[in-house]
Amino acid sequence: DHTVYNYYGERGQGRPQDRKGLALAGLRGPFCMGGSGYVMSRPTLRKVAERMDECVAAADVSEYRQYIWHSDTAIGFCVQQSAGVNCWPDKDYDRYPIFRHNYNTARGSNFLSDGALRSVVVMHPFKDATTMTKLHSRFQRMLPGPQ
């Protein structure tokens, strides 16, 4: 809905050792992790753009700066402070798994089943050409018709 505040991406709450610091800094609830990117509705983007300099300045002088210095946490903080929303409404997040983050990079291109892979829009991270080539081959095999 382009008339309301929305913020979409792969949800995260920070590394376990950072979560208390993030909460003390004022980051409440999940933020969208930057690796796989995020999407904001127009109203959200307007609010965040108006306050981004203020948000960055506040994060920079915060006693909890060490926890909010990553771009995704700083943007998540600003989205929450400006627009009052977290990453994905809770009721919808599990229904639309289109942003995916590979937490176990040892599994490479196989971190999602073919069924899950069909609905994904963005995946992160892939750090080498071999993994990207294997993933491309998986996509090719899933295409209908002769290859």
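This section reports on the structure supplied with the text.

Reading guide: rules and limits
- Residues numbered from 1 in each chain as written.
- Predicted model: local features only at pLDDT ≥ 70, side-chain atom pairs only at ≥ 80, totals over all residues.
- Heavy atoms only, no water.
- Disulfide = S-S within 2.5 Å.
- Helix = DSSP H or I, 4+ residues; strand = E, 2+ residues; numbered from the N terminus.
- Buried < 20%, exposed > 50% of the residue type's maximum accessible area, 1.4 Å probe, protein only.
- Salt bridge = Lys/Arg side-chain N within 4 Å of Asp/Glu carboxyl O.
- 1 Å grid on protein atoms, 1.4 Å probe; cavity = no way out; pocket = protein on both sides within 12 Å on 5 of 7 lines; lining within 4 Å.
- Points joined across faces, edges and corners; volume = space filled by probe spheres on them.
- Nonpolar A, V, L, I, M, F, W, Y, C, P; charged D, E, K, R; others polar.
- Polar contact = N/O pair within 3.5 Å; in protein donor to acceptor, adjacent residues only side chain to side chain.
- Contact = heavy atoms within 4.5 Å.

What follows concerns the state of the cysteines. For the structure on display, the rule yields two disulfides. Across the disulfide from Cys 32 sits Cys 87; the S-S distance is 2.1 Å. In this structure, the disulfide formed by Cys 32 and Cys 87 twists by about 100° around the S-S bond and is classed as right-handed. One end of the pair, Cys 32, is in strand 3 (residues 31-32); the other, Cys 87, is in the loop between helix 4 (71-83) and helix 5 (90-93), and 55 residues separate them in sequence. Considered together, Cys 32 and Cys 87 belong to a single accessibility category, that of buried residues. Across a sulfur-sulfur distance of 2.3 Å, Cys 55 and Cys 78 are joined as a disulfide pair. Across the S-S bond of Cys 55 and Cys 78 the torsion is about 70°, and the bridge reads as right-handed. Of this pair, Cys 55 sits in helix 2 (residues 42-61) while Cys 78 is found in helix 4, placing the two residues 23 residues apart along the sequence.

Using the criterion set out here, one finds five salt bridges in the structure. Of the charged contacts, one joins Glu 10 and Arg 100 as a salt bridge, the two residues approaching to 2.9 Å between their closest N and O atoms. In this pair, Glu 10 sits in the loop between strand 1 (7-9) and strand 2 (11-12) while Arg 100 sits in strand 5 (residues 99-101), placing the two residues 90 residues apart along the sequence. Ionic pairing is found between Arg 15 and Asp 18, a salt bridge with its closest N-O pair at 2.8 Å. For Asp 18, a relative accessible area of 12% gives the class buried.

As a further point, take the layout of surface pockets. Taken as a whole, the largest pocket holds about 310 Å³ of empty space. Looking at the largest pocket, it is lined by 15 residues, and the ones nearest its centre are Gly 14, Arg 15, Phe 31, Met 33 and Asp 72. When residues of the lining of the largest pocket are traced back to their parent elements, those giving at least two are helix 1 (19-25) and helix 4. Broken down by class, the residue content of the lining of the largest pocket amounts to six nonpolar, five polar and four charged.

All right, on to the side chain of Ser 41 then. Relative to the helices and strands, Ser 41 resides in the loop between strand 4 (38-40) and helix 2. Overall, Ser 41 belongs to the buried group, its relative accessible area being 11%. Within the structure, Ser 41 has its side chain in polar contact with the backbone oxygen of Val 4 (distance 2.7 Å). The residues touching Ser 41, leaving out its near neighbours within four places in the chain, are Asp 1, Val 4, Tyr 5 and Asn 6.

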